Amino acid sequence: MKCPCFPRYSWLDFLFAVVGVCTFLFDVGSDVWLAREFYQRGELFWFSALLGFMLVSSVTVQMFSWFWIQYDSQLENYDLETSSRRVFLFGGPKRVKLTCFLHICQLGFLLRHISAIWLGFCVWWRREKGSEYAVYLTHDLSMLRLIETFCESAPQLSLMIYIMLHTNHARTIQCVSAIASTTSIAWMVVDYHRSLRSFLPDKSKQGWLSSAVYFLWNLLLIASRVVTVALFASVLPYYVAVHFFCIWPVFVLWACLQGTNFMDSRTGEWLYRATVGLIWYFSWFNVAEGKTKGRSIIYHLFIITDSGILLFTWWWLRDLEKTQSYTFYLLIFIPLSYIMGLLIKALYYCCFHPKLWQPVDTGKVPDDAPDTIVALNVSVEADTSDQEFVNRRMAKHVNNFYSMTTHG
């Protein structure tokens, strides 16, 4: 099957790749700086918590990256494409051990960034061929950044807010780390959304206003959730872990019941479902087609109830003297932020949501079509061969996010 309107690699793709790696390095650098500060001050509990977030996030991202390299190596002409493009991380069988070693050393994600930037430079600046594979790499990076953000940046942001509430004081490094985490989350939302939208052939519906609205409602919903978790942790620091490990398995089970098939192996799919459960702890993320509006409503009702309980617990157990100056504002800001986020989300789907293009042969995309029925084709014409790589993983998410009834 051919898809003549597959997006080409542009200067904007290259810019996003460069900014993405700069944001990643800034985030990692601020984490290391903050961890060093905690250790030097003898705050070993917060040092361990921060180190734990960093380690779990890094290991998870490296596992996804390694799984995808294994899956992609089975694709036709994959070795030819990677070797001809002189990509650092990927390539033929001779590089398998080196690639595995780099992932074990937690360097796979960084090398993906470097590979994408170098290949993008060759395609955009030098006008070399290989646009299809450059786009392929950037799509994978956008998904990995999404995973890294919710595995590390969102929990870390909750930790930073908790520390500032607990000590009733904000040091410069804490503010820098909070800004880095917020920047990482915000950039992930824009980049991931843009990556998904690049699959849509109707370019007239990919305006910046739509992306800005999409970014805004996600930011409001995530911010209110993060602050609520941090407030609960400030009064019951150990029970926040109990709270997470009570809700997370329910989310994982729900993802399983939705029949996700994002990965190409059973082990990889369970890793994906476990990660989705973590993402759902902070934000809605659509993982399956059909009846998405109902699932979204159920999710938001659950989060509203859960966040209400956490907020009430904080209000009931808070230190009256320390929290007197900001209690009223938080009690107004958090519910209002979530309500505004939901209203802007509804506005987005009414006015700004791009409708999924309809195949010529059927005239309509079934609302409940399984993930294997991908509206976007998995093979299109390339510059140098009859085969072009289209990222099947991202194409599946496009079906989920941009179906006629999607509310993801």
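Just so it is clear, the structure is predicted and the values come from calculations on it, not from any experiment.

Enquirer: Any chance you could explain the overall build of the protein chain here in plain terms?
Expert: Scanning the protein chain from terminus to terminus reveals 14 helices and 0 strands. Shown N-terminal to C-terminal, the secondary structure of the protein chain runs as helices and strands in the order α-α-α-α-α-α-α-α-α-α-α-α-α-α. Buried residues in the protein chain amount to 54% of all 408 residues. Taking the intrachain contacts of the protein chain between residues at least 6 apart in sequence as the baseline, contacts between residues at least 24 apart amount to 77%. Surface exposure of the protein chain reaches about 18,600 Å², of which carbon and sulfur atoms provide 69%.

Enquirer: Got a minute to help me understand the pattern of salt bridges in this structure?
Expert: Two side chains carrying opposite charge are able to pair once their charged atoms lie near each other. Tallying each qualifying case throughout the model produces 4 salt bridges. In this structure, the salt-bridge partner of E269 is R273, at a minimum N-O distance of 4.0 Å. Taken together, the residues span about one helical turn, with E269 and R273 both in helix α10 (residues 266-282) at a distance of 4 residues. The pair E269 / R273 is uniform in exposure class, with both members buried.

Enquirer: Mind showing me how you'd approach the packing of helix α9 (residues 239-257) against helix α11 (residues 292-317) here?
Expert: Angle between the axes and distance between the axes: these two values describe a pair of packed helices. At a closest axis distance of 14 Å, the pairing of α9 and α11 adopts a crossing angle of 175 degrees. It follows that α9 is roughly antiparallel to α11 by the angle criterion. Residues H243, I247, F251 and W254 of α9 form the contact with α11, whose own contacting residues are R295, I298, Y299, F302, I303, D306 and L310. Of the residues that constitute the contact of α9 with α11, the class distribution is 8 nonpolar, 1 polar and 2 charged.

Enquirer: Just to check I follow, could you spell out the nonpolar core for this structure?
Expert: Soluble globular proteins tend to bury their nonpolar side chains together. Core analysis: the largest hydrophobic core is formed by 86 residues, its most contacted members being W68, M143, Y272, W280 and F285. The greatest single-element share of this core, amounting to 19 residues, is contributed by helix α6 (residues 131-167).

Enquirer: I would appreciate a short explanation of unusual backbone geometry in the present structure.
Expert: Where the residue is not glycine, phi is negative for most of them; where a peptide bond is considered, it is trans in most cases. The phi torsion at Q106 lies on the positive side, around 65 degrees, for a residue other than glycine. Note on placement: Q106 falls in the loop between α4 (96-104) and α5 (108-124).

Enquirer: Before we go on, may I ask you to explain the state of the cysteines in this structure?
Expert: Note: disulfide means a covalent bond formed between the sulfur atoms of two cysteine side chains. Inspection of the entire model under this criterion finds 0 disulfides. Free cysteine: C100, not disulfide-bonded; nearest cysteine sulfur from C105 at 9.5 Å.

Enquirer: Any chance you could explain a nonpolar patch on the surface here in plain terms?
Expert: The grouping of F328, Y329, I332, L336, I339, M340 and L343 at the surface amounts to a nonpolar patch, some 750 Å² of accessible area in total. Position of Y329 relative to the elements: it lies in helix α13 (residues 327-352).

Enquirer: I keep staring at α9 and nothing clicks. Help me out?
Expert: The periodicity of an α-helix, 3.6 residues per turn, causes residues three or four positions apart to be oriented the same way. The first and last C-alpha atoms of α9 sit 28 Å apart over 19 residues, in line with the 27 Å expected at 1.5 Å per residue. Residues V240, H243, F244, I247, F251, V252, W254 and A255 constitute the buried set of α9. Summarising the axial view, the buried residues of α9 lie within an arc of 155 degrees, below the 170-degree limit, and thus occupy one face. Opposite the packed face of α9, turned more than 90 degrees from it, sit the exposed residues F245, C246 and L257. One or two residues past the end of α9 sits G259, with phi positive at roughly 70 degrees.

Enquirer: Help me understand the environment of H243 in this model?
Expert: Structurally, H243 can be placed in helix α9. Taking the C-alpha atoms as reference points, H243 and V229, 14 residues apart in sequence, are found 9.6 Å from one another. Ignoring any residue separated from it by four or fewer positions in sequence, one finds H243 in contact with R225, F232, Y281, D306 and L310. One polar contact links H243 to D306, side chain to side chain, over a distance of 2.7 Å.

Definitions and limits used
Residues numbered from 1 in each chain as written. Predicted model: local features only at pLDDT ≥ 70, side-chain atom pairs only at ≥ 80, totals over all residues. Heavy atoms only, no water. Helix = DSSP H or I, 4+ residues; strand = E, 2+ residues; numbered from the N terminus. Buried < 20%, exposed > 50% of the residue type's maximum accessible area, 1.4 Å probe, protein only. Contact = heavy atoms within 4.5 Å. Areas by Shrake-Rupley, 256 points an atom, 1.4 Å probe, with all protein chains shown as cover. Salt bridge = Lys/Arg side-chain N within 4 Å of Asp/Glu carboxyl O. Axes fitted to C-alpha atoms, helices over the stretch in contact; angles between N-to-C directions. Parallel < 35°, antiparallel > 145°, perpendicular 65-115°, else oblique. Nonpolar A, V, L, I, M, F, W, Y, C, P; charged D, E, K, R; others polar. Core = buried A, V, L, I, M, F, W, Y, C linked by side-chain atoms within 4.5 Å. Disulfide = S-S within 2.5 Å. Patch = residues over 30% accessible without salt bridge, like charges linked within 9 Å, V, L, I, M, F, W, Y side chains within 5 Å. Expected span 1.5 Å × (residues − 1). Arc of directions from axis to C-beta. Polar contact = N/O pair within 3.5 Å; in protein donor to acceptor, adjacent residues only side chain to side chain.

Shape descriptors only; they carry no functional weight alone.
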